[in-house]
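In case you want the letters, here they are:
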Amino acid sequence: MTRHSPPPPTMGCSDAPVLKERGQHEVFCGLTGIIWLHRKMQDAFFLVVGSRTCAHLLQSAAGVMIFAEPRFGTAILEESDLAGLADAQDELEREVDRLLARRTDIRQLFLVGSCPSEVIKLDLSRAAERLSARHGPKVRVLNYSGSGIETTFTEGEDACLAAMVPALPATDQRQLMMVGALPDVAEDQALDLLGRIGIDNITVLPARHADARVGVGPNTSFALTQPFLGGTHSALERRGARHIPAPFPLGEEGTTAWLRAVARDFGIDQARVDAVIDAPRARARKAVAKAADSLAGKTVFFFPDSQMEIPLARFLTRECGMEAVEVGTPYIHKALVAPDLELLAEGPVISEGQDVEKQLDRCRTARPDLTVCGLGLANPLESEGMTTKWAIELVFTPVHFYEQAGDLAGLFSRPLHRRDRLKLEAAE
Ligand code: SF4
């Protein structure tokens, strides 16, 4: 049976009180973003200026990384660098010169700051400027921070894209910019749908190759595909581009609302949009309904992690019939998530930031059927008999737009099936 989303709630969560917490938090740092960014930008290199811990994180955070080693690396800061800052700065630049001489395929180089480089105040923006002057225009050198002192894991992508915006050439062309590093399969589907709807001038940030002409200007409208791109949103607005507010394209309802909002911005009428999306919408509903049967009526609790929590709660409650107990998110950018908050029925605790012990207590009291959290919390909660879903999988897996809607629901139903199977095995 296919399931239609209910009508928008009369009382959404737009003005719901927000529980703000500022305590200890458990989340990966922004270096993690390199794992999916290096796949997307095929001629970019990410040079982390950090410690052996940072290098270890990059090597072990995902097993697939080992195959990608040629496009990221770590310039290790030794303890002796703390004493000789000027030397560290010079040595970094020499290291980049050596790398670029050896690797002529690199067209964009990101110097990625970490906790150690923040602590010793290594000036990566000055290094990037000097290196750009030396190696440009062939190689563009940019910098951003992925430090755990400043960033949670999805903020690494935001910081990276925001760093690219000031360097984009100016354009007056009327165009759509789709913003967010999606897996190619999801990005291609979105571009195909947008093209068939009638939008023919589309750029993507980040582009797959440095020589793609991605300009920005006052006739650029941009649509975000990820809710964690607050810094990029501000940087694009500073360049005169206009944001198209919309629910995020997760699930059938989110994708439909996102496409319609983009089309409206370009003066394309809804009948034309609907003629294009009718068939994929129906497929998405059917695929979601299959996984949703085991989710309907179950409770879900979100710990703050990916910043995708609010759109995901909207999807799980409205398309899969779940009940959200708490929706925790590291930051609430109202300019980005207001359309999703509007659709999320009043009821769950909406929390921003984290005080992990207090939140664990609330979770243990609620005993939700499913808890969405980071890796660090998942194991302890599982050992207490709770069923968990790792939030980080949501940024590695194609989950956006119609054809992935069923897979998105499946990511949440699988842990529940696994738990049921374990219970059955234990009973036998
Ligand atoms: S940036 Fe900081 S939190 Fe991230 S791996 Fe390096 S030391 Fe650890």
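Residues numbered from 1 in each chain as written. Predicted model: local features only at pLDDT ≥ 70, side-chain atom pairs only at ≥ 80, totals over all residues.

The name given to the protein chain in an unreviewed UniProt entry is Light-independent protochlorophyllide reductase subunit N, with Salibaculum griseiflavum as the source organism. Regarding the protein chain, the UniProt comment filed under Subunit (unreviewed entry) reads as follows: "Protochlorophyllide reductase is composed of three subunits; BchL, BchN and BchB. Forms a heterotetramer of two BchB and two BchN subunits." The UniProt entry for the protein chain carries the following text under Pathway (unreviewed entry): "Porphyrin-containing compound metabolism; bacteriochlorophyll biosynthesis (light-independent)." (UniProt positions renumbered as here; feature names shortened; annotations may be inferred.)

A.B. asks: Can you help me understand the sheet that holds strand 2 (residues 44-50) in this one?
C.D. replies: Each strand in a sheet pairs with another by means of backbone hydrogen bonds, the pair being arranged parallel or else antiparallel. With respect to topology, 4 strands assemble into an open sheet ordered 3-2-4-5, the strand pairing being parallel. In this open sheet, the two edge strands, each paired with only one partner strand, are strand 3 (72-76) and strand 5 (140-145). Sheet twist, expressed as the mean angle between neighbouring strand axes with direction ignored, is 25°. Sheet topology places strand 4 (residues 108-113) next to strand 5; 6 bridges connect them, and they run parallel. Across the sheet, Leu 111 pairs through a bridge with Asn 143, a residue of strand 5. Running over the sheet, helix 7 (residues 155-164) touches strand 4 and strand 5 and is turned about 140° from strand 5. (Pairing = 2+ DSSP bridges. Helix = DSSP H or I, 4+ residues; strand = E, 2+ residues; numbered from the N terminus. Axes fitted to C-alpha atoms, helices over the stretch in contact; angles between N-to-C directions. Contact = placed C-beta atoms within 7 Å.)

A.B. asks: Before we go on, may I ask you to explain helix 10 (residues 251-265) in this structure?
C.D. replies: What sets the pattern is the α-helix's 3.6 residues per turn: residues three or four places apart point alike. Helix length check: helix 10 (15 residues) gives 21 Å between terminal C-alpha atoms against 21 Å at 1.5 Å per residue, within 8%. Among the 15 residues that make up helix 10, 11 are buried, leaving the element largely enclosed by the rest of the structure. Within helix 10 the residues assigned to the buried category are Gly 251, Glu 252, Glu 253, Gly 254, Thr 255, Thr 256, Ala 257, Trp 258, Leu 259, Val 262 and Ala 263. On the buried face of helix 10, the contacting elements are strand 6 (175-179), helix 8 (184-197), strand 8 (220-224), helix 11 (270-292), helix 12 (309-318) and helix 17 (405-427). Positive phi shows up at Gly 267, right after helix 10, with a value of about 70°. (Expected span 1.5 Å × (residues − 1). Buried ≥ 20, exposed ≤ 12 C-beta atoms within 10 Å, placed from the backbone.)

A.B. asks: Explain the domain arrangement of the protein chain here, please?
C.D. replies: Note on interface size: it is often stated as the accessible area lost on association of the parts. Its domain assignment divides the protein chain into domain 1 (18-25 + 285-427), domain 2 (30-151) and domain 3 (175-279). With centres defined by C-alpha atoms, the gap from domain 1 to domain 3 works out at 26 Å. With 30 residues of domain 1 at the contact, the number on the domain 3 side is 23 residues. Secondary structure elements with two or more residues in the side of domain 1 that touches domain 3: helix 11, helix 12, helix 13 (334-343) and helix 17. With 7 residues, the top contributor of residues to the side of domain 1 that touches domain 3 is helix 13. Considered class by class, the residues forming the side of domain 1 that touches domain 3 number 19 nonpolar, 5 polar and 6 charged. (Domains from an automatic or database assignment. Nonpolar A, V, L, I, M, F, W, Y, C, P; charged D, E, K, R; others polar.)

A.B. asks: Quick question: what am I supposed to make of the nonpolar core here?
C.D. replies: Nonpolar side chains tend to gather and get buried jointly when the protein is soluble and globular. Ranked by internal contacts, the top residues of the largest apolar core, which has 126 residues, are Phe 46, Leu 47, Val 49, Phe 110, Val 112 and Leu 316. In terms of residues, this core owes the most to one element, helix 11, which gives 8 residues. Residue contacts for Leu 316: discarding those within four places in its chain leaves Leu 295, Val 300, Met 322, Ala 324 and Phe 412. (Core = buried A, V, L, I, M, F, W, Y, C linked by C-beta atoms within 7 Å.)

A.B. asks: Hey, could you run me through unusual backbone geometry in this one?
C.D. replies: Excluding glycine, a negative phi dihedral is what most residues carry, and trans is how most peptide bonds are arranged. In this structure, the amide linkage connecting Gly 136 to the following residue, Pro 137, adopts the cis form with an omega of -5°. Even without being glycine, Gln 307 reaches a positive phi, approximately 70°. For Gln 307, the position within the fold is in the loop between strand 10 (299-302) and helix 12. Positive phi, close to 70°, is recorded for Phe 401, a residue that is not glycine. On the secondary structure map, Phe 401 appears in the loop between helix 16 (393-396) and helix 17.

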